[in-house]
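What follows is each chain in one-letter form.
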Amino acid sequence: MIPAQFAYVRPGSVAEACEVLAGDEDAKVLAGGQSLLPLLRLRLAYPSALVDVGRLEELKGVHDRGDHVFIGALTTHDEVMRSPVVTTGCPLVALATAHVADPAIRHRGTFGGSLAHADPAGDLPAVVLALDGVFVAVSAQGEREIPASEFFVDYWEPALAQGEILAGVKIPKLGDGWGFHYEKFHRTAQAWAIVGVAAAVKRSNGSIAEARIGLTNMGATPLRAGATEAALTGVELGDQVRQACDEAADGTSPPSDLHAQPDYRRHLARVLTYRAVRAAAGAP
């Protein structure tokens, strides 16, 4: 299909982009376009204008900032997954980014664009949520930090105010003793996750000291499997891990569509969480 008519703006700076967005509540930011353009073609989105920020160098790059890694919003998926700073400082991000669609999309799609799109079926939102990432938004009023727990409001609705642009994301470094894994169930290599699980597990003296688990496509936003995280604390790798992972779907409201019904997604969440936790914990 052909998209509805819209204006096209290519600002020369972040400040200029924020100014355009502040004056038009129906304008949309265009970065890599890998999430937005399909919606335009299907006429599921009707922006009055596209603000193309794709050439703004100030929004690109990966930076080691001591206790956290800062990933610029316009950094492509391919750059993120290949960055030594990311693979060393926050390896779960690199692992999950490698699952995003296919190489062609990973070379065009952007880290920040995928997150700001706020699709609960996307791979990255649950990862940033599990790692307690912090989103940095910029506007004419300056910078604003938004915890990942507050950033995802609803389907395709991030907590960005009118006139704000996502500048990048701060990913805390968890340090030694942690293991990571991302488990995804999908129809084809290019498809969205039917269910995905991001797991970070810290072991101490043979047992699990702490676990962080993010769930993909189990509700209107990415979710933390809080009951399972609590149940895993102090548990050794055995039957108790499976019992804890059986609580992964508690409190979720998975969608129903052509690919899966809610009960099937709950089953997948339990199974994939068990696999992800064991892999992250280094179980044979």
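Quick notes on the rules
Residues numbered from 1 in each chain as written. Predicted model: local features only at pLDDT ≥ 70, side-chain atom pairs only at ≥ 80, totals over all residues. Heavy atoms only, no water. Phe/Tyr/Trp six-rings, centres within 6.5 Å; stacked < 30°, edge-to-face > 60°. Buried < 20%, exposed > 50% of the residue type's maximum accessible area, 1.4 Å probe, protein only. Lys NZ or Arg CZ within 6 Å of the ring centre and 35° of its normal. Helix = DSSP H or I, 4+ residues; strand = E, 2+ residues; numbered from the N terminus. Polar contact = N/O pair within 3.5 Å; in protein donor to acceptor, adjacent residues only side chain to side chain. Contact = heavy atoms within 4.5 Å. Pairing = 2+ DSSP bridges. Axes fitted to C-alpha atoms, helices over the stretch in contact; angles between N-to-C directions. Core = buried A, V, L, I, M, F, W, Y, C linked by side-chain atoms within 4.5 Å.

Notes on the packing of aromatic side chains
In this structure the tally under the stated criterion is 5 aromatic pairs. On the basis of an interplanar angle of 85° and a centroid distance of 5.1 Å, the ring pair of phenylalanine 151 and phenylalanine 152 is categorised as edge-to-face. In terms of burial, phenylalanine 151 and phenylalanine 152 fall into one category: buried. Note on tyrosine 155 and tryptophan 156: the rings are 6.0 Å apart at their centroids and 45° apart in plane angle, and the pair reads as tilted. Assessed through its relative accessible area of 47%, tryptophan 156 is described here as partly exposed. The side chain of arginine 242 reaches across the aromatic face of tyrosine 274, ending 4.0 Å from its centre.

A short note on the side chain of lysine 184
Mapped onto the elements of the fold, lysine 184 is located in strand β11 (residues 178-185). At a separation of 3.0 Å, a polar atom in the side chain of lysine 184 contacts the side chain of aspartate 123. From its side chain, lysine 184 meets the backbone oxygen of alanine 191 in a polar contact 3.5 Å long. Setting aside anything within four residues of it in sequence, one finds lysine 184 in contact with His99, Asp123, Ala191, Trp192, Ala193, Val195 and Gly196.

Topic: the sheet that holds strand β5 (residues 68-72)
Here we have 5 strands laid out as an open sheet, ordered β4-β5-β10-β6-β7, and antiparallel in their pairing. Only two strands of the sheet have a single neighbouring strand rather than two, namely β4 (62-64) and β7 (142-147). Ignoring which end each strand starts from, the neighbouring axes of this sheet average 25° apart. Pairing of strand β6 (residues 134-139) with β7, which is carried by 6 bridges, proceeds in the antiparallel orientation. Its bridge partner lying in β7, alanine 137 is registered against arginine 144. Contacts between helix α1 (residues 14-22) and the sheet are confined to β6 and β10 (165-172), with β10 contributing the most and set at about 120° to the helix.

Quick notes on unusual backbone geometry
Backbone geometry places alanine 118, a non-glycine residue, at a positive phi of 55°. Note on placement: alanine 118 falls in the loop between α7 (111-117) and α8 (124-130). Backbone geometry places asparagine 217, a non-glycine residue, at a positive phi of 65°. Taking the relative accessible area as the measure of exposure, asparagine 217 reaches 7% and is therefore buried.

Let's talk about the nonpolar core
Of all hydrophobic cores here, the largest spans 35 residues; its most connected members are Val93, Phe111, Leu131 and Phe135. Once residues lying within four places of it in the same chain are set aside, the contact partners of leucine 131 are Leu92, Val93, Ile171, Pro172, Leu174, Phe180, Ala200 and Arg212. Counting 27 residues, the second-largest nonpolar core is a separate cluster that includes Ile194, Val201, Cys245 and Ala248.

Considering the side chain of glutamate 183
Along the chain, glutamate 183 falls in strand β11. Looking at glutamate 183, its side chain comes within polar contact range of the side chain of histidine 181, at 2.7 Å. Setting aside residues up to four positions removed in sequence, glutamate 183 forms contacts with Val195, Gly196, Val197, Leu272, Arg275 and Ala276.

A few points about the sheet that holds strand β1 (residues 7-9)
Whenever strands of a sheet pair, they do so through backbone hydrogen bonds, lying parallel or antiparallel. The strand order across the open sheet formed by 3 strands is β1-β3-β2, and the pairing between neighbours is parallel. In this open sheet, the two strands that pair with only one neighbour each are β1 and β2 (27-30). Each neighbouring strand pair of the sheet contributes to a mean axis angle of 25°, computed without reference to strand direction. Bridge count for β2 against strand β3 (residues 49-52) is 4 bridges, and the pairing is parallel. Residue pairing for β3: valine 29 is matched across the bridge by valine 51.

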